[in-house]
Amino acid sequence: YASSSVNNYTESWLVLQCAGNVYNTLSALGANVYMTRFEDDFSGEVDLSPRRAFCYTYGSDVFVSFHLNAANASAHGTETYYSADYSSNSYSLAYVMQTALIDRFSTVDGSGGYELIDRGVKSANFTVITAGESYPSILTESLFIDCWSDWQLIQDVTSTGFYTWVDAHLQGIYNYVTAYEGYSVTEP
């Protein structure tokens, strides 16, 4: 989604900034973290099926696909998707992540016109999250890039809202791996 809003940021660039911050934090804590891209350049883009297969290569514990939603400025809020037809733990990861997103975004509810809307955990068979039984996979649609209040919350990568978005993903991953995978890890 190419936004015509502030500084002409795109979904692909913003989610890369969020995922990059998550990557840096988890890597610094000693986690093995892998990303399908490090630049906002789609000339060497990895298609959806190979992204899904990417995790098999590394024996991943979780797969998180970062997104921002769009609905012609007619909706806003946060939702997380999992595929009910694949890993049985995908729902658990989606639920834990959605809870973390809502908990973190509630701290900035009301700032800059942002109103927290919990759109819930939903099931869909998006290619990238149909991972099979090996690991749980989710797709977060954290906010709506074409909703003014959601956009204001995250478009400034130095803002509290942007880092709330990053922290929510970190908290969701931490909560899941400690509760469901049994890891004893440092909280980010």
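Residues numbered from 1 in each chain as written. Predicted model: local features only at pLDDT ≥ 70, side-chain atom pairs only at ≥ 80, totals over all residues. Heavy atoms only, no water.

**Q** How should I be thinking about the pattern of salt bridges in this particular structure?
**A** Pairs can form between side chains of opposite charge once their charged atoms are near each other. Counted under the stated rule, the structure contains two salt bridges. The salt bridge partner of Arg119 is Glu79, with a shortest N-O separation of 3.0 Å. With Arg119 in strand β3 (residues 118-123) and Glu79 in strand β2 (residues 78-82), the pair connects residues that are 40 residues apart, well separated along the chain. Since its relative accessible area comes to 29%, Arg119 is described here as partly exposed. With its nearest N and O atoms 2.7 Å apart, the salt bridge here joins Lys122 to Glu79. Highlighted residues: Lys122 in strand β3 and Glu79 in strand β2, separated in sequence by 43 residues. What makes Lys122 partly exposed here is its relative accessible area of 27%. Bridged by salt links that share partners, the residues Glu79, Arg119 and Lys122 form one connected network. (Salt bridge = Lys/Arg side-chain N within 4 Å of Asp/Glu carboxyl O. Helix = DSSP H or I, 4+ residues; strand = E, 2+ residues; numbered from the N terminus. Buried < 20%, exposed > 50% of the residue type's maximum accessible area, 1.4 Å probe, protein only.)

**Q** Please explain the sheet that holds strand β1 (residues 63-69) as it appears in this structure.
**A** Two pairing modes exist for strands in a sheet, parallel and antiparallel, and in both the strands are linked by backbone hydrogen bonds. Strand order in the open sheet formed by four strands is β1-β4-β2-β3, and the pairing between neighbours is mixed. Single-partner strands in this sheet number two, and they are β1 and β3. Going from strand to strand, the sheet's axes swing by 15 degrees on average, the running direction of each strand aside. The strands that helix α5 (residues 160-179) touches are β1 and β4 (137-144); relative to β1, the one it contacts most, it runs at about 150 degrees. (Pairing = 2+ DSSP bridges. Axes fitted to C-alpha atoms, helices over the stretch in contact; angles between N-to-C directions. Contact = heavy atoms within 4.5 Å.)

**Q** Even after reading the chapter, I still don't get the packing of aromatic side chains, so can you show me in this structure?
**A** The geometry of an aromatic ring pair is captured by two quantities: the separation of the ring centres and the angle between the planes. Considering all chains together, one arrives at eight aromatic pairs under this definition. Judged by centre distance (3.7 Å) and plane angle (15 degrees), the ring pair of Tyr34 and Tyr58 falls under stacked. Here Tyr58 lies in helix α2 (residues 48-58) and Tyr34 lies in the loop between α1 (11-28) and α2, a separation of 24 residues in the sequence. Centroid distance Tyr176 to Tyr180: 5.2 Å. Interplanar angle 10 degrees. Geometry classified as stacked. Given the relative accessible area of 0%, Tyr176 is considered buried. These aromatic residues form a ring-pair network of at least three members: Tyr82, Tyr91 and Tyr95. (Phe/Tyr/Trp six-rings, centres within 6.5 Å; stacked < 30°, edge-to-face > 60°.)

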